[in-house]
Amino acid sequence: MLAACFLPVSAQTTPSVIPLPSQMQTGLGEFQFQNKTKIAADAYPGDSIWWVLDRFARQFGETTGLKLVKSKPSKAALYLKHNPTLAAEGYRLDVNPCKVVIEAARPAGFFYALQTLQQLLPSRAVMAGAKTCCTATTQWTLPSVSITDAPRFGWRGFMLDEGRHFYGKEEIKKLLDVMAAYKLNRFHWHLTEDQGWRIEIKKYPKLTEVGAWRDSKVLGWGDVKPDGQRYGGFYTQEDAREIVQYARDRFIEIVPEVDIPGHSQAAVASYPEFLACDSHNPHEVWLWQGVSTDVINVSNPQAVQFAKDVIDELTEVFPFGYLHLGGDECPTQKWEQNPVCQQQLKTIGSKNYRDLQINFYRQLQEHMAAKPADKQRHLIFWNEVLHGNTAPLGKDITIMAWVGADGAARDAAQRGLNTILSPQIPYYINRRQSNLPTEPRSQGNGSETVEAVYNYVPMNGVPAELQPRYLGVQANFWTEWVEDAATVQYLMFPRLAAVAEAGWTPQERRAYPDFLKRLQAEDEYYMLRGVKYGKHVFK
Ligand code: ACM
């Protein structure tokens, strides 16, 4: 039953794949899925290639009503073939009117090939997980195409700040779905802030009894005053484990962040007796925007023990390679006024209070290094730690570059450290994306447009010998101004697609006019997946 082979040649259009594959050639004709199209996958440890294919087949069936049935490779019309010579996340996808063959070395490569395949279908409904779609006569075809693809960078991330506002599990799952569709593979979950602590730590229950709640939903700034309503929320460890599994199923690693010792007023308010530099003063979860000076007392051994205990619980909940300890915007005034901190600075032989922060991290790093191998994590810090002497932390730390990002990343690379590019301008996709009057209250004047985000060139002019230090790119979303998930989505999309392409597609293949053309197919996806998006770039 190879009727699909004889379909007439249809008009050829260039498929709208985002991120653009590194090589793609279209051919003549198309492949048509039928009811009972045969599918096969090669054996792989844990049967994880079959697992990827099964999930696709289920979703495909739910949307199209066409059942895909398991078969042998020789009989199959869609065949997932193990090819260990390909790059870790890379794949080949060959579609001709008779057969679709996908090759990859690893399950992630097959997963990404199937994301591409779903974008080649006549509707984004399968990708969106829509239960029904289109018309009864819609033909589920794929254009003949030959794709060889692999990502430019291994780190393709998105960060969401839930410290300022809390959105909840279902929202995170939705974001993870869209990330996976764009082949993003790191979800950096910013879980703690001055304004809220969002992850249960069993040894310190007050972090969420006290630190997850505040007396205002909006955060005060300028004319905006705290509104007095009780507001907050947090993830239990069980919730977080559910999200971990959801992310793993989509080949996304979660990078949990506890931002310490700065941006920690919610923690300080929970345990002022050992976290505050001035425990005799009152401390509350912050109701305002900005950078609080109420930082953790890094010279108190109990505060160091606290951080070690938090790390212990996080490594149990998040079974991934990295842990982010923050480190941005940490004012040192309170340390400068504290005799124990003054003394400790002398003891470590420095006059730079930033080095107290590094000394704090060094103790946490040693604690981490003493764990069994499967519980060890690589540590990530924001680029302000470069203002101190990072030598005591060795070379196995990663610098996330945001302020003066290109220069900071290069500084990190020259110190022999790995780095990730998340430039405030233009990759902070919480900033206004246009100057239209419909734009929500947020930071910036609208100059971080889809085009500006797209046109940022990662690793521009970086000498070849430093390039291996650049792990990749990441978009960040800070939520001081954003109380509701719909506005998060509106600001995220479609700019996240632009960052995803920078992370995946070779620079020489990227051009905004072409991206804008391909982007037009995405509004159907956003509508069907139920996410809001900036509509002004859609015709
Ligand atoms: C940051 O934007 N404070 C990392």
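Just above sits the structure.
These figures come from a predicted structure and were not determined experimentally.

Reading the values: the criteria
Residues numbered from 1 in each chain as written. Predicted model: local features only at pLDDT ≥ 70, side-chain atom pairs only at ≥ 80, totals over all residues. Heavy atoms only, no water. Core = buried A, V, L, I, M, F, W, Y, C linked by side-chain atoms within 4.5 Å. Buried < 20%, exposed > 50% of the residue type's maximum accessible area, 1.4 Å probe, protein only. Contact = heavy atoms within 4.5 Å. Phe/Tyr/Trp six-rings, centres within 6.5 Å; stacked < 30°, edge-to-face > 60°. Helix = DSSP H or I, 4+ residues; strand = E, 2+ residues; numbered from the N terminus. Salt bridge = Lys/Arg side-chain N within 4 Å of Asp/Glu carboxyl O. Pairing = 2+ DSSP bridges. Axes fitted to C-alpha atoms, helices over the stretch in contact; angles between N-to-C directions.

Asks: I'd love a proper account of the nonpolar core, names of residues and values included.
Replies: Of all hydrophobic cores here, the largest spans 168 residues; its most connected members are F33, F158 and F318. Those residues in contact with F318 that lie beyond four places of it in its chain are W189, L191, I199, A240, V244, I254, P256 and R377.

Asks: Any details on the packing of aromatic side chains? Residues and values, ideally.
Replies: Applying the stated rule across the entire model yields 32 aromatic pairs. Considering the side-chain rings of F33 and F60, the 4.6 Å spacing of their centres and the 50° angle between planes classify their relative orientation as tilted. With F33 in the loop between β1 (23–32) and β2 (37–41) and F60 in helix α1 (residues 48–64), the pair connects residues that are 27 residues apart, well separated along the chain. A single burial state applies to F33 and to F60, both of which are buried. Here the aromatic rings of Y427 and Y456 are separated by 5.0 Å at their centres, their planes lie at 70°, and the arrangement is edge-to-face. Of the two residues, Y427 is situated in helix α13 (residues 424–427) and Y456 in the loop between α14 (450–455) and β19 (470–477); the sequence distance between them amounts to 29 residues.

Asks: Describe in detail the pattern of salt bridges, supporting the description with residues and values.
Replies: Counted by the stated rule, this structure contains 28 salt bridges. For K131, the salt bridge identified is with E62, shortest N-O distance 3.2 Å. Here K131, found in the loop between α2 (107–120) and β7 (141–149), pairs with E62, found in helix α1; they are 69 residues apart in sequence, far enough to count as distant. Under the relative-accessibility criterion, E62 is labelled partly exposed at 40%.

Asks: Let's hear about unusual backbone geometry: which residues, and what values?
Replies: Residue P261 is bonded to the preceding I260 through a cis peptide linkage, with omega at 5°. Counting through the fold element by element, P261 comes out in the loop between β14 (253–257) and α6 (265–270). Here the phi dihedral of K36 falls at roughly 75°; this positive angle occurs in a residue that is not glycine. You can call K36 exposed: its relative accessible area is 55%. Located in the positive-phi region is E329, a residue other than glycine, with phi close to 40°.

Asks: Outline the sheet that holds strand β3 (residues 68–70), supporting the account with residue identities and numerical values.
Replies: Two modes of strand pairing occur in sheets, parallel and antiparallel, and in both the strands are linked by backbone hydrogen bonds. Pairing is mixed in the open sheet, where seven strands are placed in the order β1-β7-β5-β6-β4-β2-β3. Each edge of the open sheet carries a strand with a single partner, namely β1 and β3. Geometrically, the sheet is characterised by an average inter-axis angle of 25° between neighbouring strands, direction not taken into account. Each of β2, β3 and β4 (78–82) is contacted by α1, which is oriented at about 155° to β2, the strand it contacts most.

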